[in-house]
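Residue-level listing of the chains:
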Amino acid sequence: MKTDVLIIGGGPAGLSTAIETASRGLDVTIVDEASKLGGQLNQQTQALRPLPSLYESMRGFELANKLIEQIKDYNVRQLLNHRVVGFYADGSAGITDEENVFPVNAKKIIVASGAAEKAVAFPKWTLPGIMTIGAAQTLINRDFVMPGREAVIVGSSDFAMETAIQLMDVGIRVKAIIEKQSGALAKEQEKVRELSRSGIPFYFNSFIKEARGNGQVEQIDVALPDDVITLNVDLVCMDGGRAPILDVLYQLGCSFGFQEELGGWIPQYNNRFQTDREDVFIAGNAAGISTHGPLLLTGMIAGISASEELQAISALEAHEIREALWKELELLEDKEMHSGRVKHLEKFANPVLKDQFIY
Amino acid sequence: METNYETIVIGGGVVGSGIAYHLSERYKEGVLVLDKKYPMSGTSGSTQAWVWVHNKTPSWYAEFSMYSAELYPYLSKKIGDVEYKRTGGLSPFFNESDREKAQKLAESYRKIGIKIKVLSREEVLEKEPYMNPEVAGATYSSIDGNVNPFRLIDMYMRAAKRNGVRYSTYNKVTEIKKQDGKYSVVSDKGAFECKNLILAGGTWSREIGDMLGVKIPVNQLRGQILVSEPLKPFLNFTISGLRQANNGEVLMGYSMEEAGFNRATTLDVIQETANMAVQYVPGLRKAKIVRAFSGIRAMPEDGFPILGKVPGQENLYVAATHSGVTLSPLIGTLLTELIMDGETSIPIDRYSLSRFGESEFY
Ligand SMILES: Cc1cc2nc3c(=O)[nH]c(=O)nc-3n(C[C@H](O)[C@H](O)[C@H](O)COP(=O)(O)OP(=O)(O)OC[C@H]3O[C@@H](n4cnc5c(N)ncnc54)[C@H](O)[C@@H]3O)c2cc1C
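Bear in mind the structure is a predicted one, so any value in this text is a computation, not a measurement. (Residues numbered from 1 in each chain as written. Chains lettered and ligands numbered in written order. Predicted model: local features only at pLDDT ≥ 70, side-chain atom pairs only at ≥ 80, totals over all residues. Heavy atoms only, no water.)

Novice: Any chance you could explain the overall build of chain B here in plain terms?
Specialist: Helices and strands together make up the secondary structure of chain B, namely eight helices and 18 strands. Computed over its C-alpha atoms, the radius of gyration of chain B comes to 21 Å, within 12% of the 21 Å expected for a compact globule of 362 residues. For chain B, the spread of C-alpha atoms along the three principal axes comes to 65 × 45 × 40 Å. By the burial criterion, 58% of the 362 residues in chain B qualify as buried. Within chain B, counting contacts between residues at least 6 apart in sequence, those at least 24 apart form 74% of the total. Counting every atom, chain B has about 15,200 Å² of accessible surface; 49% of that belongs to carbon and sulfur. Treating the 43 positive side-chain charges of chain B as one cloud and the 41 negative ones as another, the clouds have centres 4 Å apart. (Helix = DSSP H or I, 4+ residues; strand = E, 2+ residues; numbered from the N terminus. Rg over C-alpha atoms; globule rule 2.2 N^0.38 Å. Buried < 20%, exposed > 50% of the residue type's maximum accessible area, 1.4 Å probe, protein only. Contact = heavy atoms within 4.5 Å. Areas by Shrake-Rupley, 256 points an atom, 1.4 Å probe, with all protein chains shown as cover. Lys, Arg positive; Asp, Glu negative; His and termini not counted. Charge placed at Lys NZ, Arg CZ, Asp CG, Glu CD.)

Novice: It is not clear to me how the pattern of salt bridges should be interpreted in this structure. Could you clarify?
Specialist: If charged atoms from side chains of opposite charge come close, those side chains can pair. Residue and element names in this part refer to chain A. This structure, assessed with the given rule, holds 31 salt bridges over all chains. Of the charged contacts, one joins Arg24 and Glu20 as a salt bridge, the two residues approaching to 2.9 Å between their closest N and O atoms. You can call Glu20 buried: its relative accessible area is 13%. Overlapping salt bridges bring together Lys108, Asp279 and Glu309 as one network. (Salt bridge = Lys/Arg side-chain N within 4 Å of Asp/Glu carboxyl O.)

Novice: Help me understand the site of the ligand, please; the structure alone is not making it clear to me.
Specialist: Residues and elements named next belong to chain B. The ligand sits among 39 residues. The nearest are Asp35, Ser44, Trp50, Gly324 and Thr326. Take Gln48: an N or O atom from its main chain is 3.3 Å from a nitrogen atom of the ligand. Contact between the ligand and Ser323: an oxygen atom at 3.3 Å from a main-chain N or O atom of the residue. Considering the ligand on its own, with 1,000 Å² of exposed area, one finds that the protein chains cover 98% of that surface. Elements with a minimum of two residues in the shell around the ligand: helix H1 (14–26), strand S12 (218–228), strand S16 (289–300) and helix H8 (324–341). (Near = heavy atom within 4 Å. Polar contact = N/O pair within 3.5 Å; in protein donor to acceptor, adjacent residues only side chain to side chain.)

Novice: Just to check I follow, could you spell out the interface of chain B and chain A for this structure?
Specialist: Buried accessible area, meaning the area lost when the parts come together, often serves as the stated size of an interface. With 16 residues of chain B in contact, the opposing surface of chain A contributes 10 residues. Of all residues in chain B, Arg263, Leu267 and Gln271 of chain B give up the largest surface area on contact with chain A, accounting jointly for 45% of the area buried on that side. Linking chain B with chain A are zero salt bridges, by the criterion used here. Between chain B and chain A we count seven residue pairs in polar contact (both at pLDDT 80 or more) in total. Top contributing element to the side of chain B that touches chain A by residue count: helix H7 (residues 267–280) of chain B, with three residues. In terms of residue class, the side of chain B that touches chain A is built from five nonpolar, eight polar and three charged. (Buried area = accessible area lost by both parts, 1.4 Å probe. Nonpolar A, V, L, I, M, F, W, Y, C, P; charged D, E, K, R; others polar.)

Novice: Help me out: how do you make sense of the sheet that holds strand S17 (residues 235–238) of chain A in this one?
Specialist: The pairing of strands in a sheet happens through backbone hydrogen bonds and is either parallel or antiparallel. Residues and elements named next belong to chain A. The parallel open sheet is built from five strands, whose spatial order is S10-S17-S11-S12-S13. At either margin of the open sheet sits one strand with a lone partner, and together these are strand S10 (130–132) and strand S13 (202–203). Note: strand S11 (residues 150–154) against S17, four bridges, orientation parallel. Directly across from Ala151, in S17, lies its bridge partner Leu235. (Pairing = 2+ DSSP bridges.)

This is the structure we're talking about:
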């Protein structure tokens, strides 16, 4: 199979990059291991803001549906329930339907593989009932399954606070929020206040010492600064942050650099979201963990840049659009993240990890 | 760090560390191993690690390999558990017409005292019940086995260090000078002096030789390996092409391609390898592959080990070979004899660099 642009990952960044390329007449193929496009948006019921000016504020799953609707206007080949498992010697991507593997020869590859949640380990953390906040959210919002009745949340990021509220909305009792640091980490402090008002204790400088249970979590010991308390719970939701999913970029031989603000190791890319493997572009969380608005913008920039190289848009026009998108990105993105991104771009010429496959 | 040594070994892979350890049994001080990264970062960390004798040709090379395999049980006693298992080796064939070739191999081995049996289909399936029932037969030798290469090198290093050997890692050798009958080895972390210099740089041997104006004709040959998820123990033998490690993972692969120093894996070879594995052991079709890796073999131009003194150069030794895992205890033993006693208990003239002719100097 041949295509102009192969997009790996059909979440918000992959979809926005698909719109940018397909709308300019390119032959676009999008591959995703899930059975539905939209990625993590599908289980996100919270209102997303700020979004790029093109989009009014809406909920995650609404944005997914909107983006999916938009690509329907163009002829985008969708390979759902498919995975990229490696690359052939001639550079074609190897894609599997879990039965066979076939080559897809693409002129440009845009990697929008997203991020994976990190777990927080403690003794017996593998007991059923202990899961990441994203997993709990998926169960509630996408699968309509109650993950438990009595829960604690480990972590206090915006995402963790949002999940706590969503758990309460479906009638799960949140018994405590446990945070290692000395205060809540969420930027949207009103959510923290909302949770406090409903009587949920925040345990700061605290962590789970151990979980217990027969075949599933029943009890946890929480180490407070000067005490250990035991809570009866059947659900522990933990927020260990997220890390970019980079396997494909590693296999493609891209260079990497370390950027704390963007989630750690990420590929090096320039202001076109192009890696040092010139035919490989990058978008979304794989280019550094950020929030929804910026993720869409990175996908748009990558899409414009790939379109330019395939001569589907003039260099001048591409340049102007890119400038505008970068301005909006600076506006929308959290200051710290954005300065991390700018620092990261500067390291493009001198990557820390290069030629990892060359002895 | 001490800068004066009796002997310096360049390269801490299975070959270099094997030599360093065996030397340390004879003298307690004065050995330094230099590695540009760390032992196992080279080919020794990306290998199948069979200790393999059978179907090496010609028979004198098989004999050499056999002597090394015979040292393994003894080596594990000395340096500790390296997960060496003498499983026996099976080389299956799927065409009745291959039986004659197998019989000839067995015949030529008999003369040198290596017992190879040519098995019938029923005998193969009795030994290895998960083998493809369409197998026509197999050659079998009881001396073959495999080892955990990570443990092997780790144990070599621990034992060597206990005996006083020094290691300097992340320290690339960039230049070698000869002055006043001594070698001055210039590295990233400074210069070291020694009397004896041993070149054990594996697939980088050519560039290290260049530093001394010595041509060591070693080329690169990539090999790709697939690793399955851990499976219950079900393979009894080391089968040419695959083996099951102690932790249950099955390692598959026997590919060779020219790709320079590029260690990437490619789906072309991964698919070929998977097909080979499934042809041998159909049950593997259900197993999940959890990773693929590749290593760059150090392949001497004629395929045989390069061992011993560098002709015309005093106190300069070289050990560069394919099948370094199989051969390391023997190479370690023989090079130690050569350095300490001036001669070896098993002749190694055949493996001298001089066989490549005068062209080794320039
Ligand atoms: C896929 C594959 C499968 C294999 N299967 C088997 C098998 O089943 N059985 C078997 O016996 N063999 C097998 N081999 C071969 C075996 O692995 C090698 O022969 C063996 O590992 C070589 O060991 P070495 O110490 O010579 O090389 P290496 O382990 O590469 O060691 C050389 C060392 O030299 C160092 N070095 C290089 N240049 C410099 C410098 N300038 N300064 C300082 N240090 C330097 C390197 O960092 C390296 O650590 C296989 C190889 C491959 C790739």
